[in-house]
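Each chain is listed here by its residues.
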Amino acid sequence: MYRNLTLAVEDRVSVLTVNRPDVRNALDTETVQEFHRALDEVRQARSTVLIVTGAGDKAFVSGADINAIRRRTRDDALASINSRLMSAIEGHDAVSIAAVNGYALGGGCEVALACDLRIAAANAVFGLPEPTLGIIPGAGGTQRLPRIVGLGRAKEMILTGARWDAARALEAGLVSRVVPLPELMPAARALADQVLALGPLAVKLAKAALNASSQMPLSAGLAFESAAQAITFESDDKMEGTTAFLEKRKPVFRGD
Ligand code: COA
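Residue positions are given per chain, counting from 1 as you read along its sequence in written order. In keeping with the model being predicted, local features are shown solely for residues with a pLDDT of at least 70 and side-chain atom pairs are shown and tallied solely at 80 or more, while totals for entire chains, interfaces and linings include all residues. Calculated side-chain values reflect all of the structure's heavy atoms, with hydrogen atoms and water omitted.

### Overview of the packing of helix α10 (residues 200-213) against helix α11 (residues 218-233)
Here is step 1 of the chain: Axis definition: a line fitted to C-alpha atoms, limited for helices to the stretch in contact. Angles are taken between N-to-C directions and run from 0 to 180 degrees. Segments assigned H or I by DSSP are reported as helices when at least four residues long, segments assigned E as strands when at least two residues long, and all are numbered from the N terminus. Between α10 and α11, the least distance of the axes is 10 Å, while the angle of their chain directions is 175°. Between α10 and α11, the interaxial angle falls into the category roughly antiparallel. Residue-level inspection shows Leu201, Ala202, Leu205, Ala208, Ala209 and Ala212 of α10 in contact with α11, the latter providing Phe224, Ala228, Ile231 and Thr232.
Here is step 2 of the chain: Among the residues making up the contact of α10 with α11, the classes are represented as nine nonpolar, one polar and no charged. Here roughly perpendicular refers to angles of 65 to 115 degrees, roughly parallel to angles under 35, roughly antiparallel to angles over 145, and oblique to all remaining angles. Contacts were defined at the residue level, with two residues in contact if any of their heavy atoms lie within 4.5 Å. For this scheme, ten residues count as nonpolar: Ala, Val, Leu, Ile, Met, Phe, Trp, Tyr, Cys and Pro. Four count as charged, namely Asp, Glu, Lys and Arg, and the remainder, Gly too, count as polar.

Below you can see the structure in the form of structure tokens.
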């Protein structure tokens, strides 16, 4: 069903693995299209969490496929082929976790930046090396990296072509946790379990409000937050969550 990725849709967690290890999981046009299709499948399956990782033990995603980049024109850039994928990840219903198992360069780093949560294996390497190719990070790198690690650190990475190892990424707040490679997927699943324990409607609305925080002025963001809270206040999940607390039991949320 997919040529360049695998998608495992389990109970409430889906795992998407970019599967082109021979080219370090580079994103060519077909892979980007398949990624969009997989995101639709995850939405239809109503997964609460999506874990994104790369096949093999060398790379998460090594970036846009440089062969495809060579062929692309000004119109292709304006069509935001890769950038639209990152926005689709960021805006997806599911909470996304990047499980970074090696090189996350260029578009690979940008996939991780578009995810809601990022954890890394000890062998992870982050970078936005597009200027070494005479181009700029064009799928959100210049916009999402500074919002996550601050403008100074983002300039350091992009304007010097620096590669950050896992320890540096942790120190900069680019990832929230570093684990040995064999423990990466169990750690990602443990993180997913933490998300699954929460009220699903609250998670969805909190994600929307958090995303809004970088897109609107504070007054509009606060109005968005109040409107989102108004929805939770009328929800079954709120009654269940507060009742379960008072009855000293675990809540059973239905996401309504
Ligand atoms: N696009 C297309 N092909 C890529 C690729 C990419 N982004 N990244 C790696 N490959 C290919 C290599 O050309 C090589 O092909 P070959 O076997 O036909 O020679 C193969 O994948 C293995 O890559 P190699 O460089 O030998 O592996 P490595 O483990 O020594 O290094 C990287 C891995 C990721 C550090 C290195 O391949 C690299 O720097 N890739 C480009 C990263 C980049 O600039 N990304 C931004 C693109 S806009």
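Once the structure has been displayed, the description carries forward.
### Some remarks on the nonpolar core
Here is step 1 of the chain: Within this scheme, the nonpolar core is defined by two criteria: the residues are buried Ala, Val, Leu, Ile, Met, Phe, Trp, Tyr or Cys, and they are joined through side-chain atoms within 4.5 Å. Burial here depends on accessible area, computed with a 1.4 Å probe over protein chains only, as a share of the maximum for the residue type. Under 20% is buried, over 50% is exposed, and the range in between is partly exposed. Core analysis: the largest hydrophobic core is formed by 46 residues, its most contacted members being Phe35, Phe60, Ile89, Val100, Phe126, Leu145 and Leu174.
Here is step 2 of the chain: Beyond its immediate stretch of four places on either side in the chain, Leu145 contacts Leu113, Leu128, Gly140, Gly150, Ala154, Met157, Ile158 and Leu174.
Here is step 3 of the chain: Among the nonpolar cores identified, the runner-up in size contains 18 residues, and Val15, Val95, Leu184 and Leu191 belong to it.

### Topic: a nonpolar patch on the surface
Here is step 1 of the chain: Taken together, the side chains of Ile66, Leu133 and Ile135 present a nonpolar region at the surface, about 250 Å² in accessible area.
Here is step 2 of the chain: Following the sequence through the fold, Ile135 ends up in the loop between β8 (125-127) and α6 (141-149).
Here is step 3 of the chain: What makes Ile135 partly exposed here is its relative accessible area of 31%. Every patch collects residues that have over 30% relative accessible area and no salt bridge, joining them within 9 Å if they carry like charges and within 5 Å if they are nonpolar side chains (Val, Leu, Ile, Met, Phe, Trp, Tyr). The method behind every accessible area is Shrake-Rupley, applied with a 1.4 Å probe, and residues are considered shielded solely by the protein chains displayed. Here, a salt bridge means any side-chain nitrogen of Lys or Arg that lies within 4 Å of a carboxyl oxygen of Asp or Glu.

### With respect to the pairing of strand β5 (residues 95-100)
Here is step 1 of the chain: With six of six residues buried, β5 is to be regarded as a mostly interior element.
Here is step 2 of the chain: Taking every second residue as pointing to the same face, both faces of β5 are buried, with Val95, Ile97 and Ala99 on one and Ser96, Ala98 and Val100 on the other.
Here is step 3 of the chain: As paired elements, strand β3 (residues 49-54) and β5 share four bridges and run parallel to each other. What sits directly across from Val49, in β5, is Val95.
Here is step 4 of the chain: The pairing of β5 with strand β7 (residues 117-121) spans four bridges and is parallel. Of the residues in β7, the one forming a bridge with Ile97 is Leu117. The criterion for strand pairing is that DSSP finds at least two bridges linking the strands in question.

### What to know about the packing of aromatic side chains
Here is step 1 of the chain: Pairing of aromatic side chains requires ring centres within 6.5 Å, counting the rings of Phe and Tyr and the six-membered ring of Trp. Pairs whose planes differ by under 30 degrees are stacked, by over 60 edge-to-face, and all others tilted. Scanning the model with the defined rule gives zero aromatic pairs in all.
Here is step 2 of the chain: Across the ring face of Trp164, the terminal group of Arg168 is positioned such that the distance to the ring centre comes to 4.5 Å.
Here is step 3 of the chain: Think of it as a cone above the ring: NZ of Lys or CZ of Arg counts as a charge over the ring if it is within 6 Å of the ring centre and within 35 degrees of the ring normal. The ring of Phe233 is capped by Lys238, whose NZ or CZ atom sits 4.9 Å from the centre of that ring.

### Concerning the pattern of salt bridges
Here is step 1 of the chain: Enumeration over the complete set of coordinates arrives at 15 salt bridges.
Here is step 2 of the chain: Taking the shortest distance from any N to any O, the salt bridge between Glu30 and Arg3 comes out at 3.0 Å. Taken together, the positions of Glu30 in helix α1 (residues 29-44) and Arg3 in the segment before β1 (5-9) put the pair 27 residues apart, joining distant regions of the chain.
Here is step 3 of the chain: The partner of Asp236 in a salt bridge is Arg254, and the shortest N-O contact between them spans 3.8 Å. One end of the pair, Asp236, is in helix α12 (residues 236-246); the other, Arg254, is in the segment after α12, and 18 residues separate them in sequence.
Here is step 4 of the chain: Each of Arg153, Glu156, Arg168 and Glu171 takes part in salt bridges that share partners, so that together they form one network.

### What about the site of the ligand?
Here is step 1 of the chain: Around the ligand, the structure places 15 residues, and the nearest of them are Val23, Arg24, Ser62, Ala64 and Ile66.
Here is step 2 of the chain: In protein, a polar contact means a hydrogen-donor-capable atom and an acceptor-capable atom, both N or O and within 3.5 Å, with residues adjacent in sequence counting only if both atoms are side-chain atoms; elsewhere, any N or O pair within 3.5 Å suffices. A distance of 3.0 Å separates a nitrogen atom of the ligand from a polar atom in the backbone of Ala64.
Here is step 3 of the chain: Within the complex, 61% of the 860 Å² of free accessible area of the ligand lies under protein.
Here is step 4 of the chain: Across the shell around the ligand, the residue classes tally to eight nonpolar, two polar and five charged. Working definition: residue near molecule or strand if any one of its non-hydrogen atoms lies within 4 Å of it.

### A word on the sheet that holds strand β10 (residues 177-179)
Here is step 1 of the chain: Spatial strand order, β1-β2-β3-β5-β7-β10: six strands in an open sheet with mixed pairing. Either end of the sheet is taken by a strand with one partner, and the two such strands are β1 and β10. For this sheet the average axis-to-axis angle between neighbouring strands, irrespective of direction, equals 20°.
Here is step 2 of the chain: Here β1 pairs with strand β2 (residues 13-18) via five bridges, running antiparallel.

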